[in-house]
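Geometric and topological summary
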Amino acid sequence: MPINIDKEIEGSFQIIGGNFVNAGEASTQLKLLLTKLGVDEDIIRRTAIATFEAEMNVIIYAAAGRMHYHITPRGISIKVDDMGPGIEDIELAMQEGYSTAPDWVREMGWGAGMGLPNMKKNSDIFKIDSVVGEGTTIEMVINFPQQ
Ligand SMILES: Nc1ncnc2c1ncn2[C@@H]1O[C@H](COP(=O)(O)OP(=O)(O)O)[C@@H](O)[C@H]1O
Ligand SMILES: [Mg+2]
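Everything numeric here is computed off the predicted structure, so don't read it as measured data.

A large share of helix H5 (residues 115-122) lies buried, amounting to six of its eight residues. Packed against the buried residues of H5 are helix H2 (41-61), helix H3 (90-93), strand E4 (125-131) and strand E5 (135-143).

Attention shifts here to the pattern of salt bridges. Pairing of side chains with opposite charge becomes possible as their charged atoms draw close. Under the definition given, this model contains three salt bridges. Asp-42 serves as the salt-bridge partner of Arg-45, at 2.7 Å between the closest nitrogen and oxygen. Linking Arg-45 with Asp-42, this pair stays in helix H2, spanning three residues, or about one helical turn. By relative accessible area, Arg-45 is classed as partly exposed at 42%. Since its relative accessible area comes to 36%, Asp-42 is described here as partly exposed. For Arg-66, the salt bridge is made with Asp-81, and the minimal N-O distance between the two is 3.1 Å. Pair noted here: Arg-66 is in strand E2 (residues 64-72) and Asp-81 is in strand E3 (residues 75-83), with a separation of 15 residues, a long-range link.

Around ligand 1 sit 19 residues in total, of which Tyr-61, Asp-82, Ser-99, Thr-100 and Gly-113 are the nearest. Interatomic distance of 2.9 Å between a side-chain N/O atom of Asn-57 and an oxygen atom of ligand 1. Its free accessible area being 530 Å², ligand 1 has 94% of it covered by the protein chains. Given that more than half its atoms are within 2 Å of the pocket grid, ligand 1 belongs to the largest pocket. Put simply, the parts of the chain that give the shell around ligand 1 at least two residues each are H2 and H5. No other element matches H5, which puts three residues into the shell around ligand 1. Taken together, the residues of the shell around ligand 1 sort by class into 10 nonpolar, eight polar and one charged.

What counts, and where the lines are drawn
Residues numbered from 1 in each chain as written. Chains lettered and ligands numbered in written order. Predicted model: local features only at pLDDT ≥ 70, side-chain atom pairs only at ≥ 80, totals over all residues. Heavy atoms only, no water. Buried < 20%, exposed > 50% of the residue type's maximum accessible area, 1.4 Å probe, protein only. Helix = DSSP H or I, 4+ residues; strand = E, 2+ residues; numbered from the N terminus. Contact = heavy atoms within 4.5 Å. Salt bridge = Lys/Arg side-chain N within 4 Å of Asp/Glu carboxyl O. Near = heavy atom within 4 Å. Polar contact = N/O pair within 3.5 Å; in protein donor to acceptor, adjacent residues only side chain to side chain. Areas by Shrake-Rupley, 256 points an atom, 1.4 Å probe, with all protein chains shown as cover. 1 Å grid on protein atoms, 1.4 Å probe; cavity = no way out; pocket = protein on both sides within 12 Å on 5 of 7 lines; lining within 4 Å. Sits in = over half its atoms within 2 Å of the grid points. Nonpolar A, V, L, I, M, F, W, Y, C, P; charged D, E, K, R; others polar.

Printed below as a string of C-alpha cells:
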C-alpha cells in the first residue's frame, strides 16, 4: 500500500490520433505521477504497460481520445475513450496476434496484435466497449495490494 495516497487524485490527458512524435506521453506522465506517489513498482509496471497500449491504439486507430485516471487508496482506475472507427468484432480484436494495423504502422514496430490482450492481462478489471462509427472505450482497474 503506497504511503502517499491519502486522498483521491484524478486527471486526464488528451491523445491526438496520428501523433507518433508524442506517442507514450500520457502513459509516461501517469507513470511519473505514480512513481512520485510511491506506488509499488509492480503496480507501476502493469499500469504503464496497460496505459501505453491503450494510448497507442488511440494514436494508431482513432482521430482523438482521452485518458482519464483516478487514483484512490485502493488502486488506479483508468478510462481511455476515443473518437474513432470503433471495433466491429471485439472478441476477434481481443485475440493475441490479431491486428489490422497498416504496413506503415508495422514498419514503425507496432501492430503485433498484443495490445488488447496485454491490457487485459495487466489489469484486475478490464472492460471494453465499442460502437462502430463512434469510438471505443477501455476501462481498467489495477488494485493496490491490500494490507
Ligand atoms: N481504439 C481502437 N479503435 C479502433 N480499433 C481498435 C482500437 N484498439 C484496437 N483496435 C482494433 O483491434 C486490433 C487489435 O488491437 P491490439 O491488440 O492493440 O493490437 P495492434 O494494435 O497491435 O493491432 C487492432 O488491430 C484494431 O483493429
Ligand atoms: Mg495496439
